[in-house]
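If you want the building blocks of each chain, they are given just below.
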Amino acid sequence: MAERLATRYRTALVTGASTGLGRAFAQMLLAEGVAVWGTSREAGRLADLAGEHPGAFHPVVMELGDAVAATRSFREAEQAAGGFDLVVNNAGYGVFGTFADVDFSVWREQLNVMLVNTALISHLALQGLRARGRGALVNVSSLAAEFPLPFQSAYNMAKAGLTALGESLLIECAGTGVVVIDLRPGDYRTDFEGAVRRPPAGQSDARLPRVWAAFEKMMRGGPPPEEAAAALRRALHRGKSGTVRCGRFFQAVVAPLLARFGSLPLKRRVQAGYFDLD
Ligand SMILES: NC(=O)c1ccc[n+]([C@@H]2O[C@H](COP(=O)([O-])OP(=O)(O)OC[C@H]3O[C@@H](n4cnc5c(N)ncnc54)[C@H](OP(=O)(O)O)[C@@H]3O)[C@@H](O)[C@H]2O)c1
């Protein structure tokens, strides 16, 4: 590849840079010469990245559950960076359980973190990007926006909503010089499944343990996060707005193709088998 991403993107914000995909995205951008402001809820979780990349990696404490505090964190980091050329909305987590049994406050919090306040960061980011007429916004959605994960209802809602936001922004930003990428990863081997919250109370569906086992196996067998970072690097080098699916060939290529040309009931049947729901 001819030029490094730093020629196009001088500065970047990556939310959820402490582990998994976010850390791999931050490391990829640093290797491309981009100065990265990376977030975590705990500064200590970013200390090694800051130590390895002095002057290039800047830790930012950001709790996405708190809109006021997240806005403050974003503004302070933006000012320190002299504006962001690239914003990657990556932070997120799973909650596994039946919709009726898990207390609604848990679902509300997840939607708040992964949809409402992630949209807020997109809003703040676009103010700077639009003013400069260049740069990129990447929202890390999921193939779950197309293929909902069983017993992860708010996760599916958040990702479908984020993808809908991406589609809206693709239209709005056309011709402005700002690139909008809706990144939809399949399963990658990160801390995600370890961090999934599984509220214990009143779980009434006997399929839960089977589905969890299938989900866990899929996540553990996924490719390493560096492969998602390579997909993002290619998309940023292309510099075009659009949807980027990445992950295992079956998940990212075959399944969306079958879903497009097959019927919805067939898609649901195949998916039920995939998650051992039958
Ligand atoms: N792994 C996959 O297979 C996969 C597939 C499709 C989509 N995704 C999406 O990719 C993104 C990253 O997932 P991952 O697999 O890398 O998960 P991960 O390893 O568990 O990392 C999640 C990141 O999100 C941050 N985070 C969690 N809750 C937060 C909150 N309330 N406020 C601010 N930051 C918060 C965490 O930061 P701290 O804990 O340090 O605060 C951490 O850096 C998520 O949006 C996920 O939905 C993942």
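Keep in mind the model is a prediction, meaning the values are calculated, not measured.

Colleague: I'd like a description of the pattern of salt bridges, backed by residues and values.
Modeller: As enumerated under the stated definition, the model contains 16 salt bridges in all. Among the salt bridges present, the one from R8 reaches E3, with a minimum N-O distance of 3.8 Å. In this structure E3 comes out as partly exposed when scored by relative accessible area, which is 41%. A salt bridge links R207 to D205; the nearest nitrogen and oxygen atoms lie 2.7 Å apart. R207 gets classed as partly exposed once you look at its relative accessible area, which sits at 33%. Each of E146, E167, D182, R184 and R245 takes part in salt bridges that share partners, so that together they form one network.

Colleague: Run through the packing of helix α3 (residues 67-81) against helix α4 (residues 104-132), naming residues and quoting values.
Modeller: Each packed pair of helices is defined by two parameters, the angle between the axes and the distance between the axes. In the contact formed by α3 and α4, the axes pass within 10 Å of each other and the chain directions differ by 30 degrees. In terms of orientation, α3 and α4 fall into the roughly parallel class. In the packing of α3 onto α4, the handedness of the crossing is right-handed. Contact with α3, carried on its side by A67, A70, T71, F74, R75 and E78, involves N117, L120, I121, L124, A125, Q127 and G128 of α4 and no other residues of that element. Tallied by class, the residues present in the contact of α3 with α4 amount to seven nonpolar, four polar and two charged.

Colleague: Give me the lowdown on helix α1 (residues 20-31), citing residues and values where you can.
Modeller: Over its 12 residues, α1 runs 17 Å from end to end, which matches the ideal 16 Å to within 8%, given 1.5 Å per residue. The buried fraction of α1 amounts to 10 of the 12 residues, a majority that puts the element mostly inside the structure. Taken together, the buried positions of α1 are occupied by G20, L21, G22, R23, A24, F25, A26, M28, L29 and L30. Positive phi appears at G33, one or two residues downstream of α1, with a value of about 85 degrees.

Colleague: With reference to specific residues and values, describe the nonpolar core.
Modeller: In this structure, W37, F74, F84, V87 and I121 are the most contacted members of the largest nonpolar core, which totals 48 residues. Broken down by secondary-structure element, the contributors of at least two residues to this core are β2 (35-40), α3, α4, α5 (153-173), β6 (178-185) and α7 (208-220). With 10 residues, the single largest contributor to this core is α4. Leaving out residues up to four positions away in the same chain, I121 has contacts with L13, M62, L64, A70, F74, V87 and N89.

Colleague: Break down the site of the ligand for me, citing the residues and quoting the values.
Modeller: Taken together, 31 residues sit near the ligand, with S18, R45, Y155, Y188 and T190 positioned nearest. The side chain of K159 places a nitrogen or oxygen atom 2.9 Å from an oxygen atom of the ligand. The backbone of D191 places a nitrogen or oxygen atom 3.4 Å from an oxygen atom of the ligand. Considering the ligand on its own, with 890 Å² of exposed area, one finds that the protein chains cover 96% of that surface. When the residues that make up the shell around the ligand are grouped by side-chain class, the tally is 14 nonpolar, 11 polar and six charged.

Colleague: Describe the sheet that holds strand β7 (residues 242-246), naming the residues involved and giving the relevant values.
Modeller: With parallel pairing, seven strands are arranged side by side in an open sheet as β3-β2-β1-β4-β5-β6-β7. On the outer flanks of this sheet lie β3 (57-61) and β7, each paired with one strand and no other. If you compare each strand with its neighbour and ignore which way they point, the axes differ by 20 degrees on average. The sheet strands contacting α4 are β1 (11-14), β4 (86-89), β5 (135-140) and β6, and the helix crosses β5 at an angle near 170 degrees.

Colleague: Outline the packing of aromatic side chains, supporting the account with residue identities and numerical values.
Modeller: Per the counting criterion, the structure on display carries 10 aromatic pairs. Between the aromatic rings of W37 and F84, the centroid separation amounts to 5.9 Å while the plane-to-plane angle is 70 degrees, which identifies the pairing as edge-to-face. Of the two residues, W37 sits in strand β2 while F84 sits in the loop between α3 and β4, which places them 47 residues apart along the sequence. You can call W37 buried: its relative accessible area is 8%. A centroid spacing of 6.2 Å and a plane angle of 85 degrees characterise the contact between F99 and F104, whose relative ring orientation is edge-to-face. Counting every residue linked through ring pairs, the aromatic cluster contains F96, F151, W212 and F215. Above the plane of the ring of Y93 lies R197, whose end atom (NZ or CZ) is 4.0 Å from the centre. The aromatic ring of W212 is capped on one face by R198, whose charged end is 4.0 Å from the ring centroid.

Definitions and cut-offs
Residues numbered from 1 in each chain as written. Predicted model: local features only at pLDDT ≥ 70, side-chain atom pairs only at ≥ 80, totals over all residues. Heavy atoms only, no water. Salt bridge = Lys/Arg side-chain N within 4 Å of Asp/Glu carboxyl O. Buried < 20%, exposed > 50% of the residue type's maximum accessible area, 1.4 Å probe, protein only. Axes fitted to C-alpha atoms, helices over the stretch in contact; angles between N-to-C directions. Helix = DSSP H or I, 4+ residues; strand = E, 2+ residues; numbered from the N terminus. Parallel < 35°, antiparallel > 145°, perpendicular 65-115°, else oblique. Left-handed = near helix turned anticlockwise from the far one by under 90°. Contact = heavy atoms within 4.5 Å. Nonpolar A, V, L, I, M, F, W, Y, C, P; charged D, E, K, R; others polar. Expected span 1.5 Å × (residues − 1). Core = buried A, V, L, I, M, F, W, Y, C linked by side-chain atoms within 4.5 Å. Near = heavy atom within 4 Å. Polar contact = N/O pair within 3.5 Å; in protein donor to acceptor, adjacent residues only side chain to side chain. Areas by Shrake-Rupley, 256 points an atom, 1.4 Å probe, with all protein chains shown as cover. Pairing = 2+ DSSP bridges. Phe/Tyr/Trp six-rings, centres within 6.5 Å; stacked < 30°, edge-to-face > 60°. Lys NZ or Arg CZ within 6 Å of the ring centre and 35° of its normal.

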